[in-house]
Amino acid sequence: MSKIITNVVCPYCGCLCDDLEVVIEGNKIVETECPCELGSGRFLDLDIATRIRESRIKVDEGFKEAKIDEAIERAAEILASARRPLIYGWSSTECDAIRVGIELAEEVGAIIDNTTSICHGPTILASQDVGISTCTLGEIKNRADLVIYWGCNPMQAHPRHLSRYTFFPRGFFREKGQDDRTLVVIDVRKTDTAKLAKHFLQVKPNYDYELISAFRLAIKGYQVPDSVGGISREKIEEIAKIMKESHFIVIFFGLGVTMSGAKNRNIDNVLSLTRDLHRFTKCVIMPMRGHYNVTGFNEVLTWETGFPYAVDFGRGHPKYNPGETSVIDVLLREEIDVALIIASDPIAHFPKEIAKSLMNVPIIVIDPYESLTTEVASIVIPSAVAGIEVDGTAYRMDHVPLRLRKILEPPEGILSDREILSRILENVKRLKGR
Amino acid sequence: MSEKLNVILITGRTISQGTAREGKKTQNEYVESAAICELDPEDIEKLRVKEGDTVRIETSYGAVIVRVVISTQAPHSGIVFIPMGPWANEIIGPNTDGIGMPSFKSISAEIEAVPDGKILDALALIKGR
Amino acid sequence: MLLINNGYVYDPLNKIDGEKVDIAIKDGKIVEESQINPLEAKVIDATNMIVMPGGIDVHTHISGYAINAGRRFRPEDGRRWLEPHTSIRRSGAGYSVPSTFVTGYRYAIMGYTMLCEPAMPPLLARHTHEELNDTPIVDTTAFTLLGNNWTVAQYIKRGEYERCAAFIAWMLRATKGYCIKMVNPGGVEAWAWRSNVKDLNDPVPYFDITPAELIRGLATVNEMLKLPHSIHVHTNQLGVPGNFEITIGSFDTIKDAKVSSIRGERKQSIHVTHAQFSAYGGDSWNNFESKADVIAKYVNNHPYVTIDMGQVIPGETTTMTADGPLEYNLHSLNNLKWINQGIELETGGGLVPFIYSRASPVNSVQWAIGLELALLIEDPFQVYLSTDHPNAGPFIRYPRIISWLMSKQSRESQLQKLHKRTSKRSLIGTIDREYNLYEIATITRAGQAVALEMSDTKGHLGVNADADVAIYDLDPNNLTPQKIEKAFSHAAYTIKDGEIVVKDGEVVSITQGKRFWVNPQVDEDLERMMLREIRRTFALFYTVTMPNFPVQEMYVPSSNEIKIDATYIS
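Residues numbered from 1 in each chain as written. Chains lettered and ligands numbered in written order. Predicted model: local features only at pLDDT ≥ 70, side-chain atom pairs only at ≥ 80, totals over all residues. Heavy atoms only, no water.

Participant: Quick question: what am I supposed to make of the overall build of chain B here?
Facilitator: Summing up its helical and strand segments, chain B has 5 helices and 6 strands in all. Tracing chain B from N to C terminus, the helices and strands come up as β-α-α-β-α-β-β-β-α-β-α. In summary, chain B has a C-alpha radius of gyration of 14 Å against a globular reference of 14 Å for 129 residues, a match within 12%. Counting only C-alpha atoms and orienting by the principal axes, one finds that chain B spans roughly 35 × 35 × 30 Å. Within chain B, the fraction of its 129 residues that count as buried is 61%. For chain B, the share of sequence-separated contacts (at least 6 apart) that also reach a separation of at least 24 residues comes to 78%. For chain B, the exposed area adds up to about 5100 Å²; of that, 48% sits on carbon and sulfur atoms. (Helix = DSSP H or I, 4+ residues; strand = E, 2+ residues; numbered from the N terminus. Rg over C-alpha atoms; globule rule 2.2 N^0.38 Å. Buried < 20%, exposed > 50% of the residue type's maximum accessible area, 1.4 Å probe, protein only. Contact = heavy atoms within 4.5 Å. Areas by Shrake-Rupley, 256 points an atom, 1.4 Å probe, with all protein chains shown as cover.)

This is how it looks when you write it as structure tokens:
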């Protein structure tokens, strides 16, 4: 007997679409109504062969399967006796799990960090210097007449961004949808997103900072050089004019600007452009957050500790200093003696030397699926998939919080991240005599 | 004699890397979606390769062999794109310029054709480090 | 069971003015002394100490998107005051924008037991509740932002008050909110187009409704629904010289409104918050002056108006409000980093760090205005102590404000440190009045309880009150400004629901407070019609689906729901 569940929240990317339909038969997903390959893949490929069914612990000859309680106890022992533990990941799990994780990090004096460090950390750093003018995605849908994507490719990374939120939909003040809007894309390649744009500016790699500066000059009427970053003065002035004549501008930007060239200074500059444009019109800016709850981690860590990522509890109080307390740097300095990785696969996504450094220490992994990190871990604890088998809160890229659904039971004996972490925490407290 | 091109390397997301990301990293789908480089047709011609051939890409941090794919995000002559993943990370450096973020994009690299190059699967790649 | 003996009790709602009354506590409530066995009870000897109900803060930004943006973008504020974890306390950080655990601890240490988060955007209400769940010890409530809401504007414009009431009822239920909050009504919607409203009669772009109509309309709906609190208003043109006229005008728009609340306790039909920012004369920063006397006179002549102070504390803090254009203007003044927010169909906001400088003639007069309001308003039930934390100053400075109110001498000494123009542009130097402890208890406890209509169980120490008690080591026969500030900064005891949570200024036990929220129910058919209309709004204009919008039960684990039968509205 099949059941259709509507308004399901998708636990994949920062779009956090909440209008999915999922068809279930018994305890299995048979179909999804979702116009996005990433989202529908998430639901349909739930129970693939690489789903981890049993905990395992590394022993001399390889691995042995273990009961979950044994794995949890062993993990707690390792963490409780660690001198400089790292707890990393978080971006693909829900907020209650994150809250337990923060308490655990505090208890063991760990460094706690998430993918922000290798994603929009530079954006947060720049915003901490100059501020940020932003809004929720519905403001874009209803008001934006100039939509700019800079250094990001939503057609590959956030497939429904343009259709659900920004360019194609009709809005309250944009009744003709895309015909009431102008799309501008700035990138080093003519991406799928760029192909849709009325204006595509193919900037030279590492020249974003100069191009942003050129716009800031042009809107104020200053002379710009003949060519900046491969873009002609005529084009720069044309776009500057369009900006000043628009009523509501939005700039979406991604890793093209955070990960290259001047990094956080690129962002500083484009945030300042947004602010400068306020002399003439309304302008907002938004970073394209990748994972569906990377923003949630920043929110929870901020309200509980005062700081958004890269927090070091080594001295008992939260210490925040990206470049020093951030995950890449502590691993580069080989300070870590134990790592707990949850809802992330750093061995796949960190630069080689950093992944090597991580592989030199005992790793505890909590994840539903085999990954490169589980392959090298000392303890693997399988978990339920948040957003499908576990409910909880997630924060969309624009900070709108939604409740993830539980639409299925997890496989036999598989616990949620928050339950696993709670048990580890309980064990740690017991070991420390609290 | 194979042509060596100086290029700029960028790494990032694609849909197929994204769908392989969840739970399929130890499988062939991941190799097919992330052990590749997307090249501009002009650069493919300069390198005298065709789609499916293997190339070697080297930065000051290391070298990796991946398979050629004709870019659908062209033109971008002089720019090589590798989807995020262990193959890309084989040649990305660890330094964060004091702000925590490595340089995953816009790095100088050299690329040359390597006929019948051996592409390691993800596990072999990381275990060989 | 607890017995508090021999303390000087200040309980204005029960008219106790410093008499020695023993307070008996059992099962979290204040009871008759005969109900407890003094041999079994824990006895607190409050000799030479004063005893008050737990403090109530009617307006403090402690939870939700805006304050968290303050924390996120001001790590320098976090680093200014770092607190380690202990066997009892979680760690935290922040001076003007403290993290949630330390917010609860620091308020409890000051003897506060109920906090009101005044700016909850409906779309982000879930976030507000998540943070309140991580704010230990204190009871909490959150005010739903509705003054720039598209649906509200459309209903009021069309004169459809019943449907508007149905919408407000649904919104309060969906956001688990306490009351109708209005910030720069109409102006924040105009700000989405880089504009503002100039005065009460300046229509909002497109929606063509004036701030006066919004205030009148929502006050009407508020009384139709008999909500426990009145509309809670941050006036238009806040912080702008000359704005006192708009404030008087805002009071005037609803002077004919008949107060009608579910328990008939509250007397106000409008509460103007942080009124210091709305009491400005002159027409530029050059001739800027205090008009606190004009505002105070109006309040004195009209019992339907209440205000809270919004007292400025010299020093650095963070401004954050839903008033987008105000924050942009502040940024233009001081060029410090500026955060701006816009929330679809509902509201917006902004944030800018700010330094109130003693050397600045403007900031000095601002300091005077807050105090003048409290000192010139005769009935302390009409004015409440606040700093609009953190906008005019951080909440940890409340004890200093108490000392200023109670001691003319301490005001004089502060005045010496301020700009010499202060006395010419304000009346502060001429005011001799000094508050007594009974009046302090009113403006920090009793008054708020009545204005929020919680005075059955909050804000007093009579039988049936929740056992939320603050005991301060202060001898009323031996008061000095320094002793006052010290005593109110670190309570000798704070008791929450009958449990000792603070002793000698240290947190000794962690409890979880309750979330107060209001659930009005209108006629079912009316609600159905309204829902049909807003279903369309969700489908076309929001970016979340309607079923996913309301805050679910699990976000208020310790819920204190106030049901209102408003089914007569049809």
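Participant: Any chance you could explain the interface of chain A and chain C here in plain terms?
Facilitator: Quoted interface sizes are often the accessible area lost when the parts come together. Between chain A and chain C, the contact holds 65 residues from the first and 60 residues from the second. For the pair chain A and chain C, the two sides together bury roughly 5400 Å², of which 55% comes from carbon and sulfur. By the criterion of area lost to chain C, the three top residues of chain A are Phe172(A), Trp303(A) and Arg403(A), representing 13% of everything that side buries. Inspection of the region where chain A meets chain C yields 6 salt bridges. Across the pair Arg143(A) and Glu189(C) runs a salt bridge whose closest N-O atoms are separated by 2.8 Å. In this structure, the connection of chain A to chain C is made through 39 residue pairs in polar contact (both at pLDDT 80 or more). Contributions of two or more residues to the side of chain A that touches chain C are made by α3 (95-108), α4 (121-130), β8 (131-133), α5 (137-143), α7 (161-166), α12 (294-305), β21 (392-395) and β22 (401-404) of chain A. (Buried area = accessible area lost by both parts, 1.4 Å probe. Salt bridge = Lys/Arg side-chain N within 4 Å of Asp/Glu carboxyl O. Polar contact = N/O pair within 3.5 Å; in protein donor to acceptor, adjacent residues only side chain to side chain.)

Participant: Explanation requested: the sheet that holds strand β6 (residues 42-45) of chain C in the structure shown.
Facilitator: Hydrogen bonds along the backbone pair up the strands of a sheet, which may run parallel or antiparallel. Residues and elements named next belong to chain C. An order of β5-β4-β1-β6 is seen for the 4 strands of this open sheet, with the pairing classed as mixed. Where the open sheet ends on each side, the last strands, each with one partner, are β5 (29-31) and β6. This sheet shows a mean twist of 30 degrees between the axes of neighbouring strands, independent of strand direction. Inspection of the sheet shows strand β1 (residues 2-5) paired to strand β4 (residues 23-26) by 3 bridges, in the antiparallel sense. Residue Leu 3 lies in a different strand from β4, and its bridge partner there is Ala 24. (Pairing = 2+ DSSP bridges. Axes fitted to C-alpha atoms, helices over the stretch in contact; angles between N-to-C directions.)

Participant: Whenever I open this one, the interface of chain A and chain B confuses me. Can you help?
Facilitator: The interface is formed by 61 residues belonging to chain A together with 50 residues belonging to chain B. Interface of chain A and chain B: buried area, both sides summed, is about 4700 Å²; carbon and sulfur atoms make up 61% of it. Linking chain A to chain B there are 4 salt bridges. A salt bridge links Asp45(A) to Lys24(B); the shortest N-O distance between them is 2.7 Å. Along the contact surface separating chain A from chain B lie 19 residue pairs in polar contact (both at pLDDT 80 or more). Contributing elements (two or more residues each) for the side of chain A that touches chain B: α1 (37-44), α4, α6 (154-157), α10 (255-258), α13 (327-332), α14 (346-349), α15 (352-359) and α16 (372-376) of chain A. In terms of residue count, α15(A) provides more of the side of chain A that touches chain B than any other element does, 6 residues in total.

Participant: Help me understand the domain arrangement of chain A, please; the structure alone is not making it clear to me.
Facilitator: All names here are of chain A. Along its sequence, chain A is organised into domain 1 (2-44), domain 2 (55-118 + 292-431) and domain 3 (121-287). Here the C-alpha centre of domain 2 lies 26 Å away from the C-alpha centre of domain 1. Taken together, the contacts link 20 residues of domain 1 with 18 residues of domain 2. Taking both sides of the interface into account, the surface hidden between domain 1 and domain 2 amounts to around 1500 Å²; carbon and sulfur atoms contribute 67%. Taken together, the connections running from domain 1 to domain 2 amount to 0 salt bridges. (Domains from an automatic or database assignment.)

Participant: What is the right way to look at the environment of Gly18(C) in this model?
Facilitator: All names here are of chain C. On the secondary structure map, Gly 18 appears in strand β3 (residues 16-20). Spatially, the C-alpha atoms of Gly 18 and Tyr 438 are 7.4 Å apart, while their sequence positions differ by 420 residues. The residues contacting Gly 18, other than those within four sequence positions of it, are Tyr 8, Val 9 and Tyr 10.

Participant: Please explain the sheet that holds strand β1 (residues 2-8) of chain A as it appears in this structure.
Facilitator: Residues and elements named next belong to chain A. Here we have 3 strands laid out as an open sheet, ordered β1-β2-β3, and antiparallel in their pairing. Strand pairing shows two members of the sheet lacking a second neighbour, β1 and β3 (28-33), which therefore form its edges. Averaged over all pairs of adjacent strands, the angle between strand axes in this sheet comes to 25 degrees, irrespective of strand direction. Both strand β2 (residues 20-25) and β3 contribute to a ladder of 5 bridges, which runs antiparallel. Paired with Val 22 across the strands is Thr 32, a residue of β3. Of the strands in this sheet, β1, β2 and β3 touch α1, which is tilted by about 165 degrees from β3.

Participant: It is not clear to me how the nonpolar core should be interpreted in this structure. Could you clarify?
Facilitator: Burial of nonpolar side chains together is a common tendency in soluble globular proteins. Counting 204 residues, the largest nonpolar core has Trp170(C), Phe251(C) and Leu405(C) as its most contacted members. No other element matches the 10 residues that helix α6 (residues 161-175) of chain C contributes to this core. Residue assignment places this core across two domains, with domain 2 (55-118 + 292-431) and domain 3 (121-287) of chain A each supplying three or more. Here Trp170(C) is in contact with Met530(C), Leu531(C), Ile534(C), Phe538(C), Met546(C), Phe549(C) and Pro550(C), once residues within four sequence places are set aside. (Core = buried A, V, L, I, M, F, W, Y, C linked by side-chain atoms within 4.5 Å.)

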